[in-house]
Amino acid sequence: MRYLLLGIVILTLSGCFGQADKTYTVDELMADEALLAKIISECRNNPGTLRQTPNCQNAGAADWKLRLERMKKSLGG
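Residues numbered from 1 in each chain as written. Predicted model: local features only at pLDDT ≥ 70, side-chain atom pairs only at ≥ 80, totals over all residues. Heavy atoms only, no water.

Looking now at the environment of leucine 36. Relative to the helices and strands, leucine 36 resides in helix α3 (residues 33-45). Here leucine 36 falls in the buried class, since its relative accessible area comes to 5%. Note: C-alpha distance between leucine 36 and alanine 59 (23 residues apart in sequence) is 6.0 Å. Apart from residues lying up to four places away in sequence, leucine 36 is in contact with Leu29, Ala59, Ala62, Asp63 and Leu66. (Helix = DSSP H or I, 4+ residues; strand = E, 2+ residues; numbered from the N terminus. Buried < 20%, exposed > 50% of the residue type's maximum accessible area, 1.4 Å probe, protein only. Contact = heavy atoms within 4.5 Å.)

Next comes the structure, spelled out in C-alpha coordinates:
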(Lines give C-alpha, C1' and ligand atoms only; values in the text may rest on other atoms or scores of the structure.)
Protein backbone atom coordinates (compact mmCIF):
# COMPACT_ATOMS: atom_id res chain seq x y z
CA MET A 1 0.00 0.00 0.00
CA ARG A 2 2.82 2.38 0.87
CA TYR A 3 4.49 1.79 -2.54
CA LEU A 4 1.22 2.40 -4.37
CA LEU A 5 0.77 5.72 -2.57
CA LEU A 6 4.40 6.66 -3.27
CA GLY A 7 3.94 5.79 -6.96
CA ILE A 8 0.83 7.95 -7.21
CA VAL A 9 2.60 10.90 -5.56
CA ILE A 10 5.59 10.57 -7.89
CA LEU A 11 3.39 10.42 -11.00
CA THR A 12 1.39 13.41 -9.82
CA LEU A 13 4.48 15.50 -9.17
CA SER A 14 6.12 14.52 -12.44
CA GLY A 15 3.23 16.11 -14.30
CA CYS A 16 3.93 19.45 -12.61
CA PHE A 17 7.39 19.80 -14.09
CA GLY A 18 7.02 20.20 -17.85
CA GLN A 19 9.93 20.51 -20.17
CA ALA A 20 11.11 24.06 -20.67
CA ASP A 21 10.95 25.58 -24.13
CA LYS A 22 14.19 25.83 -26.04
CA THR A 23 15.71 29.29 -26.00
CA TYR A 24 16.59 30.38 -29.52
CA THR A 25 19.41 32.78 -30.31
CA VAL A 26 18.95 35.89 -32.42
CA ASP A 27 20.90 34.28 -35.28
CA GLU A 28 18.74 31.14 -35.20
CA LEU A 29 15.59 33.24 -35.37
CA MET A 30 16.94 35.37 -38.21
CA ALA A 31 17.68 32.20 -40.18
CA ASP A 32 14.19 30.74 -39.64
CA GLU A 33 11.64 33.46 -40.35
CA ALA A 34 8.66 31.10 -39.88
CA LEU A 35 9.81 30.33 -36.33
CA LEU A 36 10.44 34.03 -35.74
CA ALA A 37 6.91 34.91 -36.87
CA LYS A 38 5.45 32.19 -34.61
CA ILE A 39 7.34 33.40 -31.53
CA ILE A 40 6.54 37.06 -32.19
CA SER A 41 2.87 36.18 -32.59
CA GLU A 42 2.86 34.29 -29.28
CA CYS A 43 4.63 37.15 -27.52
CA ARG A 44 2.19 39.74 -28.88
CA ASN A 45 -0.81 37.63 -27.90
CA ASN A 46 0.33 37.41 -24.25
CA PRO A 47 2.70 40.33 -23.55
CA GLY A 48 2.05 40.48 -19.82
CA THR A 49 3.43 37.00 -19.26
CA LEU A 50 5.87 36.49 -22.12
CA ARG A 51 7.37 39.94 -22.76
CA GLN A 52 10.43 39.41 -20.57
CA THR A 53 11.15 35.80 -21.61
CA PRO A 54 14.44 35.16 -23.45
CA ASN A 55 12.67 33.96 -26.62
CA CYS A 56 10.53 37.10 -26.84
CA GLN A 57 13.53 39.33 -26.22
CA ASN A 58 15.58 37.49 -28.86
CA ALA A 59 12.68 37.48 -31.32
CA GLY A 60 12.31 41.24 -30.95
CA ALA A 61 16.02 41.74 -31.56
CA ALA A 62 15.99 39.39 -34.58
CA ASP A 63 12.95 41.16 -36.04
CA TRP A 64 14.63 44.53 -35.62
CA LYS A 65 17.85 43.31 -37.28
CA LEU A 66 15.95 41.83 -40.22
CA ARG A 67 14.00 45.07 -40.68
CA LEU A 68 17.24 47.06 -40.71
CA GLU A 69 18.79 44.68 -43.25
CA ARG A 70 15.74 44.97 -45.53
CA MET A 71 15.76 48.76 -45.20
CA LYS A 72 19.46 48.84 -46.05
CA LYS A 73 18.88 46.69 -49.16
CA SER A 74 15.97 48.81 -50.33
CA LEU A 75 18.09 51.94 -50.02
CA GLY A 76 20.81 50.37 -52.10
CA GLY A 77 23.30 49.75 -49.33
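That was the structure; now back to the text.
Scanning the entire structure with this criterion turns up 1 disulfide. With its sulfur 1.7 Å from that of its partner, cysteine 43 forms a disulfide with cysteine 56. What sets the handedness of the cysteine 43 and cysteine 56 disulfide is the S-S torsion sign, and at about -90° it is left-handed. In this pair, cysteine 43 is assigned in helix α3 and cysteine 56 in helix α5 (residues 54-74), connecting sequence segments 13 residues apart. (Disulfide = S-S within 2.5 Å.)

On to the side chain of asparagine 55. Here asparagine 55 lies in helix α5. Exposure remark for asparagine 55: the relative accessible area of 15% places this residue in the buried category. A polar contact is formed between the side chain of asparagine 55 and the backbone nitrogen of tyrosine 24, at a distance of 2.8 Å. (Polar contact = N/O pair within 3.5 Å; in protein donor to acceptor, adjacent residues only side chain to side chain.)

Counting 12 residues, the largest nonpolar core is built from Val26, Leu29, Met30, Leu35, Leu36, Ile39, Ile40, Cys43, Cys56, Ala59, Ala62 and Leu66. Of all the secondary structure elements, the ones that give two or more residues to this core are α2 (26-31), α3 and α5. Here this core gets 5 residues from one element, more than from any other, and that element is α3. Those residues in contact with valine 26, other than ones at most four positions away along the chain, are Asn58, Ala61, Ala62 and Lys65. (Core = buried A, V, L, I, M, F, W, Y, C linked by side-chain atoms within 4.5 Å.)

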